[in-house]
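Each chain, written out:
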Amino acid sequence: DAKTTQPNSMESNEEEPVHLPCNHSTISGTDYIHWYRQLPSQGPEYVIHGLTSNVNNRMASLAIAEDRKSSTLILHRATLRDAAVYYCILRDVFLRGAQKLVFGQGTRLTINP
Amino acid sequence: EAGVVQSPRYKIIEKKQPVAFWCNPISGHNTLYWYLQNLGQGPELLIRYENEEAVDDSQLPKDRFSAERLKGVDSTLKIQPAELGDSAVYLCASSLETSYEQYFGPGTRLTVT
């Protein structure tokens, strides 16, 4: 499984944008970049995913470097409810059907009021 | 739509005792996962089912752990006998076979004393 590297922790203020980085220098051409987050005392939840182009949804945006060796999850206006551990995960698009998720340690995001 | 349901949410047992965790996946999801999450770490896959079939159980410690998914719906994960090192959160997730997105339950926090 290709490896991802994330900072252990980050801190931001409420209502400010947050940029969460992820390095994946050994990414293969068939790997999608997925982000999940885990709120306190809950299971992980899907946030967003992408392959090459930047992606937007109601929760966040995903900016992918041109060489695909890094990506950034962007929370445009953080709220206290966004305090969580954020995981960057690679998944091979060509593997058949459902696959396990290989989690790293993730980034613990703290939001200050 | 109901999410993934797990019970119990918390369990405290003495070492060498048996314990069982139950999971009810989202209706229609044919793929079910059990993950183990140690404190401060990301979840790790224990076993993955497609319908009734365990298709990936390579990380399941088979000397003391067992799992079943009768009729391809609910699943039970059992530990017998439990050891102190089994203290962790046990997460259940489900997905459609063709989907990239996994839906997690809240987990069962096990404490072995």
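Cut-offs used in this document
- Residues numbered from 1 in each chain as written.
- Chains lettered and ligands numbered in written order.
- Predicted model: local features only at pLDDT ≥ 70, side-chain atom pairs only at ≥ 80, totals over all residues.
- Heavy atoms only, no water.
- Helix = DSSP H or I, 4+ residues; strand = E, 2+ residues; numbered from the N terminus.
- Rg over C-alpha atoms; globule rule 2.2 N^0.38 Å.
- Contact = heavy atoms within 4.5 Å.
- Buried area = accessible area lost by both parts, 1.4 Å probe.
- Salt bridge = Lys/Arg side-chain N within 4 Å of Asp/Glu carboxyl O.
- Polar contact = N/O pair within 3.5 Å; in protein donor to acceptor, adjacent residues only side chain to side chain.
- Nonpolar A, V, L, I, M, F, W, Y, C, P; charged D, E, K, R; others polar.
- Phe/Tyr/Trp six-rings, centres within 6.5 Å; stacked < 30°, edge-to-face > 60°.
- Buried < 20%, exposed > 50% of the residue type's maximum accessible area, 1.4 Å probe, protein only.
- Pairing = 2+ DSSP bridges.

Turning our eyes to something else, we now look at the overall build of chain B. Across its full length, chain B holds zero helices and eleven strands. Listed N to C, the secondary structure of chain B is β-β-β-β-β-β-β-β-β-β-β in terms of helices and strands. Taken over the C-alpha trace, chain B has a radius of gyration of 13 Å; the compact-globule value for 113 residues is 13 Å, and the two agree within 12%. Each principal axis of the C-alpha distribution contributes one length, and for chain B these read about 40 × 25 × 25 Å.

Listed by partner, the interface residues are 24 residues for chain B and 20 residues for chain A. Across the interface of chain B and chain A, roughly 1,700 Å² is buried in total on both sides, 47% from carbon and sulfur atoms. Counting across the chain B and chain A interface gives zero salt bridges. Taken together, chain B and chain A are joined by eight residue pairs in polar contact (both at pLDDT 80 or more). When contributions to the side of chain B that touches chain A are tallied by element, the ones reaching two or more residues are strand E4 (31-37), strand E5 (44-50) and strand E9 (88-95) of chain B. The element that contributes the greatest number of residues to the side of chain B that touches chain A is E4 of chain B, accounting for four residues. Considered class by class, the residues forming the side of chain B that touches chain A number nine nonpolar, nine polar and six charged.

The subject of this paragraph is the environment of Asn-23 of chain A. Among the structural elements, Asn-23 of chain A can be located in strand E2 (residues 18-23). Each C-alpha atom, one on Asn-23 of chain A and one on Gln-6 of chain A, is 6.6 Å from the other, the two residues being 17 residues apart in sequence.

So, on to the packing of aromatic side chains. All names here are of chain B. Evaluation of the coordinates by the stated rule reveals ten aromatic pairs over all chains. Pairing Phe-21 with Tyr-90 gives two aromatic rings, centres 4.8 Å apart and planes at 25°, and the pair type is stacked. With Phe-21 in strand E3 (residues 19-24) and Tyr-90 in strand E9, this pair connects stretches of sequence that are 69 residues apart. On the basis of relative accessibility, which here comes to 0%, the residue Phe-21 falls in the buried class. A relative accessible area of 0% places Tyr-90 in the buried class. Relative to Tyr-35, the ring of Tyr-33 has its centre 6.0 Å away and its plane inclined at 25°; by these criteria the two rings are stacked. On the basis of relative accessible area, Tyr-33 is assigned to the buried category, the value being 0%.

Let's shift gears to the pairing of E9 of chain B. Along any regular strand, the residues point their side chains to alternate faces of the sheet. Residues and elements named next belong to chain B. Counting buried residues along E9, eight of its eight residues qualify, which places the element largely inside the surrounding structure. A two-sided burial pattern is seen for E9, the buried positions comprising Ala-88, Tyr-90, Cys-92 and Ser-94 on one face and Val-89, Leu-91, Ala-93 and Ser-95 on the other. In this structure, E4 lies alongside E9, joined through seven bridges in antiparallel fashion. Of the residues in E9, the one forming a bridge with Thr-31 is Ser-95. Pairing geometry for E9 and strand E11 (residues 108-112), over three bridges, is antiparallel. Paired with Ala-88 across the two strands is Leu-110, which belongs to E11. Pairing of E9 with strand E10 (residues 103-104), which is carried by two bridges, proceeds in the antiparallel orientation. Paired with Ser-94 across the bridge in E10 is Tyr-103.

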